[in-house]
Amino acid sequence: MVFTILLINNTINGQNKADSLRLAITGSSKDLNRQAVLYAALSEALSKVNFDSSLFYAKKGLQLSEKAGYIEGIIKNCLQLGNLTTRRDSLDLAQKFYERAVVLINDKTDSIDLMAIWNGLAYVYDLRSDFSRALDGYMKGLEIAERTNNDLGKSYFYNNIAVIYDRTGSFRKGLGYYKRALLLFERRHDSVYYANALINIGLAYKNLEMIDSANYFFIRSLPIQQRLRNYYGITNLYNNLGELKFEAKEYDKALHYFLLSQQMISNLDSLFWGSRLYLNVQVAYDLGRTFQEMKEYGKAMNYFQEVKRNSGQASFLSFETDAIKGISEIFEKTGKSDSALKYARLHMVYSDSLKKTEDNERMAVIEFEYNYKKEKEREAFAQAKQEVLEKRKEMRLMLLIGGILTISIILLLLFLLQRSKIRRMNLLKSNLQLEKSNLMKDLSLKNRELASKVMSLIEKNELLAEMSERLKKIIPATDDSNSELLRSVVHDLQHQHSEGFWEEFNVHFKEINPDFYTRLSKEFSDLSPNEMKLCAFLKLNLSTKEISMITRKNEHSIKIARYRLRQKFGISREENLVMFLGRY
């Protein structure tokens, strides 16, 4: 589990401050605008001591702001209400408050409030697995932090951007952002977030299958978390240590850590601003699958049912899908074939939906990154152009003021004219290069889309095949009427396999790379059909493991085939085969 950090604007703390604010509100009864802002501050001060009062004053502040038509008051109170409703896991309501604040943002909005709004809204999107919109919000917050040179904001946004990359499979990108956040936390002597960042870095290494490095960072974080009594950090630390033990099949130790994690959640105090429901669902799922491996099916079933119920309530699709799979497997193990079949079918529906959602989110993140870089390039170009225009104006002014002799003015104007011509030529050349670069990026994006479709189809076929085999095992144990029904289901599942996979792939591949086969066969006429297929998969930068899944050949055979291709192409081991095929 990774840490997402909420950026809270804590400018007023404690009961004493709350009392002072109440007096200030009483003294400004005729100034609704000032009262609205003071109510937001009072709500923030009370959020640490009395949640219900905090919620009451934020709502009152919003009502006053709306009555007075005071935009800044509406923004501040919506921000506070968004924070409070997030804390209560009312994500729909929190999203509405944050989005309303975003619509009202203007030049007068305080930069701290801006960062808190974008971070809060992105956090809600993050919890709902809407990763492209979460990344967009965190990036907008980071821009503000960098523009205002706010190291605190930068450290938080670096961490949260890393979380998104981590959850969408870009583990190395995430690791880079985590390390940048860690340096800022260390520089600011922020022990809590420094310790949390150590856990996130450990998790990134775990996802990269660098288990020793992961364990090093987890253990390094533990004494700091215990010294600070940071129950949120300890919760996540025990959870991740439990996952390491689970993957090592040390189920007793894994269970010990997961139960400790569950205990730490109950120790979280009223100041915790994250989603308790997410933490509870996570640890309940981990306990369910651990008990399942330990063959304590009753306990496992109870936890999976809890995960399914709470995930459906909060739209945690991934957890809900995994819980349904666990329920189906337990019914199968306990001989309840009808229930197992029912949940197996339900899992297939949820799995397809989840896969589609994850693929869409990955593509949305890639598209966002592409558009974000493109927008930054446009902004840099516009800024450079503006600087050139300003310099040109300054030059003209200097020439007008300092130009005494006509001959000097003429010579200078000719010089400027020639320089402008060269700049236009350079600009035209730069635009052509940029256009070429964009075309290459579009091609790369389309190749990624094709690769994603290929892997999605393979995974679906694997799932259908697995379901078919599982149902075949159930058939002998059922009566004749049910066995005929199961055979019909198996038949239907098997006919969903994509038998014409290569033809479908080839059509899409030729649309994106129309000249690839022609150019390759023209230069290397002795390539076999299977070698041409391998070249196409390598063109998409598919790994040996992925090609093995597609062709159903073992990885050793694929490596030998790649070696033979190198020989036919006449390239050395040091030269990148994928980059070589990228020329065609």
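Predicted, not measured: the structure shown is a model, and the values here were computed from it. Per chain, the residues get numbers from 1 upward, laid out in the order the sequence is written. In view of the model being predicted, local features appear only for residues whose pLDDT reaches at least 70, and side-chain atom pairs are presented and counted only at 80 or more, with totals across whole chains, interfaces and linings using the full set of residues. The side-chain quantities take in all heavy atoms of the structure and omit both hydrogens and water.

**A closer look at the overall build of the chain**
Moving on, step 1. For the chain, the count of helices and strands is 25 helices and 0 strands.
Moving on, step 2. The rule is simple: take the accessible area with a 1.4 Å probe, protein chains only, and divide by the maximum for that residue type; under 20% is buried, over 50% is exposed, in between is partly exposed. Among the 584 residues that make up the chain, the fraction classed as buried is 46%.
Moving on, step 3. A fraction of 63% describes how many contacts in the chain between residues 6 or more apart in sequence connect residues 24 or more apart.
Moving on, step 4. What sets the accessible areas is the Shrake-Rupley method with a 1.4 Å probe; for residues, cover comes only from the shown protein chains. Surface summary for the chain: the accessible area is close to 31100 Å², and the carbon and sulfur share equals 52%. Put simply, DSSP H or I for four residues or longer makes a helix, DSSP E for two residues or longer makes a strand, and each gets a number counted from the N terminus. Every residue pair with non-hydrogen atoms within 4.5 Å of one another is taken to be in contact.

**Quick look at the packing of helix α2 (residues 32-46) against helix α3 (residues 51-68)**
Moving on, step 1. Axis separation between α2 and α3 bottoms out at 8 Å; the angle between their running directions is 160 degrees. Classified by the angle their axes make, α2 and α3 are roughly antiparallel. Considering only the axes of α2 and α3, their crossing is left-handed. Across from Leu32, Asn33, Gln35, Ala36, Tyr39, Leu42, Ser43 and Leu46 in α2, the residues of α3 making contact are Phe51, Ser53, Ser54, Tyr57, Ala58, Lys60, Gly61, Leu64, Ser65, Lys67 and Ala68.
Moving on, step 2. Of the residues belonging to the contact of α2 with α3, the class tally is 10 nonpolar, 7 polar and 2 charged. Axes here refer to lines fitted to C-alpha atoms; in helices the fit is confined to the stretch in contact. Angles between the N-to-C directions go from 0 to 180 degrees. Throughout this description, any angle smaller than 35 degrees is read as roughly parallel, any larger than 145 degrees as roughly antiparallel, any in the 65 to 115 degree range as roughly perpendicular, and the remainder as oblique. Should the near helix be turned counterclockwise from the far one by less than a right angle, the crossing is left-handed, whereas a clockwise turn marks it as right-handed. Gly counts as polar in this scheme, as do all residues outside two lists: the nonpolar Ala, Val, Leu, Ile, Met, Phe, Trp, Tyr, Cys and Pro, and the charged Asp, Glu, Lys and Arg.

**Observations regarding unusual backbone geometry**
Moving on, step 1. Backbone geometry at Arg229 places phi at a positive 55 degrees, although glycine is not the residue there.
Moving on, step 2. Within the element layout of this structure, Arg229 appears in the loop between α11 (211-228) and α12 (231-247).
Moving on, step 3. Among the residues examined, Arg229 registers a relative accessible area of 63% and is labelled exposed.

**Structural notes on the environment of Phe524**
Moving on, step 1. Checked against the element boundaries, Phe524 lands in the loop between α21 (516-523) and α22 (529-539).
Moving on, step 2. Judged by relative accessible area, Phe524 falls into the buried class, the value being 10%.
Moving on, step 3. The sequence separation of Phe524 and Phe569 amounts to 45 residues, and the corresponding C-alpha distance is 7.5 Å.
Moving on, step 4. Aside from chain neighbours lying at most four places away, what touches Phe524 is Lys568, Phe569, Phe580 and Tyr584.

**Observations concerning helix α8 (residues 151-167)**
Quick reminder: α-helices carry 3.6 residues per turn. Residues three or four places apart thus point the same way.
Moving on, step 1. An ideal rise of 1.5 Å per residue puts 24 Å on 17 residues; α8 measures up with 25 Å between its terminal C-alpha atoms.
Moving on, step 2. Burial within α8 is extensive, with 14 of its 17 residues counted as buried.
Moving on, step 3. The N-terminus of α8 is capped by Asn150, whose side-chain oxygen sits 3.1 Å from the backbone nitrogen of Leu152.
Moving on, step 4. Downstream of α8 by a residue or two, Gly169 has a phi angle that is positive, lying close to 90 degrees. Each helix should span, by expectation, one fewer than its residue count multiplied by 1.5 Å. Contacts described as polar in this section are N or O atom pairs within 3.5 Å, which, within protein, must combine one atom able to donate a hydrogen with one able to accept it, while residues neighboring in sequence count only if both atoms come from side chains.

**Looking at the nonpolar core**
Moving on, step 1. The criterion is simple. A nonpolar core is a set of buried Ala, Val, Leu, Ile, Met, Phe, Trp, Tyr and Cys residues joined through side-chain atoms within 4.5 Å. Among the nonpolar cores identified, the biggest contains 101 residues, and Tyr138, Ile161 and Phe218 are the most heavily contacted of them.
Moving on, step 2. Beyond its immediate sequence surroundings of up to four residues, Phe218 is in contact with Ile199, Gly202, Leu203, Leu237, Asn240, Leu241 and Leu244.

**Description of the packing of aromatic side chains**
Moving on, step 1. Two aromatic rings from Phe, Tyr or Trp, using only the six-membered ring of Trp, form a pair when their centres are within 6.5 Å; if the ring planes differ by under 30 degrees the pair is stacked, by over 60 it is edge-to-face, and anything between is tilted. This structure, assessed with the given rule, holds 25 aromatic pairs.
Moving on, step 2. With a centroid separation of 5.1 Å and an interplanar angle of 80 degrees, the aromatic rings of Tyr216 and Phe217 are classed as edge-to-face.
Moving on, step 3. Here Tyr216 falls in the partly exposed class, since its relative accessible area comes to 48%.
Moving on, step 4. A relative accessible area of 12% places Phe217 in the buried class.
Moving on, step 5. Measuring from ring centre to ring centre gives 4.9 Å for Phe569 and Phe580, while their planes differ by 35 degrees; the resulting arrangement is tilted. With Phe569 in helix α24 (residues 555-569) and Phe580 in helix α25 (residues 577-581), the pair connects residues that are 11 residues apart, well separated along the chain. The same class applies to Phe569 and to Phe580, which are both buried.

**Let's talk about helix α7 (residues 131-147)**
Moving on, step 1. With 17 residues, α7 extends 24 Å from end C-alpha to end C-alpha; this agrees with the ideal 24 Å at 1.5 Å per step.
Moving on, step 2. If you check which residues of α7 are buried, you get Phe131, Ser132, Ala134, Leu135, Gly137, Tyr138, Met139, Gly141, Leu142, Ile144 and Ala145.
Moving on, step 3. Looking one or two residues past α7, Asn149 carries a phi angle of roughly 55 degrees, positive in sign.

**Some details on the confidence of the model for the chain**
Moving on, step 1. Put simply, the chain has an average pLDDT of 82, and 88% of its residues get 70 or more.
Moving on, step 2. Here residues 9-13 scores under 50 on pLDDT; set against residues more than four positions off or in separate chains, the count is 12 contacts. Confidence of the predictor at the level of single residues is given by pLDDT, which spans 0 to 100.

**A few points about the environment of Leu228**
Moving on, step 1. The topology assignment puts Leu228 in helix α11.
Moving on, step 2. Here Leu228 falls in the partly exposed class, since its relative accessible area comes to 29%.
Moving on, step 3. Separated by 33 residues in sequence, Leu228 and Ala195 place their C-alpha atoms 9.6 Å apart.
Moving on, step 4. Apart from the residues within four sequence positions on either side, Leu228 is in contact with Ser191 and Val192.

**Here we look at the pattern of salt bridges**
Moving on, step 1. Each reported salt bridge corresponds to a side-chain nitrogen of Lys or Arg within 4 Å of a carboxyl oxygen of Asp or Glu. In this structure the tally under the stated criterion is 18 salt bridges.
Moving on, step 2. We note a salt bridge from Asp52 to Arg88, for which the minimum N-O separation is 3.8 Å. On the criterion of sequence distance, the pair formed by Asp52 in helix α3 and Arg88 in the loop between α4 (71-87) and α5 (91-104) is long-range, its members being 36 residues apart.
Moving on, step 3. Among the ionic pairs, Glu575 bridges to Arg583, the shortest N-O distance being 2.8 Å.
Moving on, step 4. Assessed through its relative accessible area of 26%, Glu575 is described here as partly exposed.
Moving on, step 5. By sharing partners, the salt bridges in this structure join Asp151, Lys154 and Arg187 into a single network.

**Some details on the packing of α12 against helix α13 (residues 251-266)**
Moving on, step 1. Running from N to C, α12 and α13 point in directions that differ by 165 degrees, and their axes come no closer than 8 Å. Taken together, the axis directions place α12 and α13 in an arrangement best described as roughly antiparallel. Crossing handedness for the pair α12 and α13: left-handed. Facing α12, whose interface residues are Tyr231, Ile234, Thr235, Tyr238, Asn239, Leu241, Gly242, Glu243, Lys245 and Phe246, α13 presents Tyr251, Lys253, Ala254, Tyr257, Phe258, Leu260, Ser261, Met264 and Ile265.

**Some details on the side chain of Thr321**
Moving on, step 1. Summarising the element assignment, Thr321 is placed in helix α16 (residues 317-333).
Moving on, step 2. On the accessibility criterion, Thr321 (3% relative accessible area) is buried.
Moving on, step 3. If we ignore the near neighbours within four places in the chain, the residues touching Thr321 are His347, Tyr350, Ser351 and Leu354.

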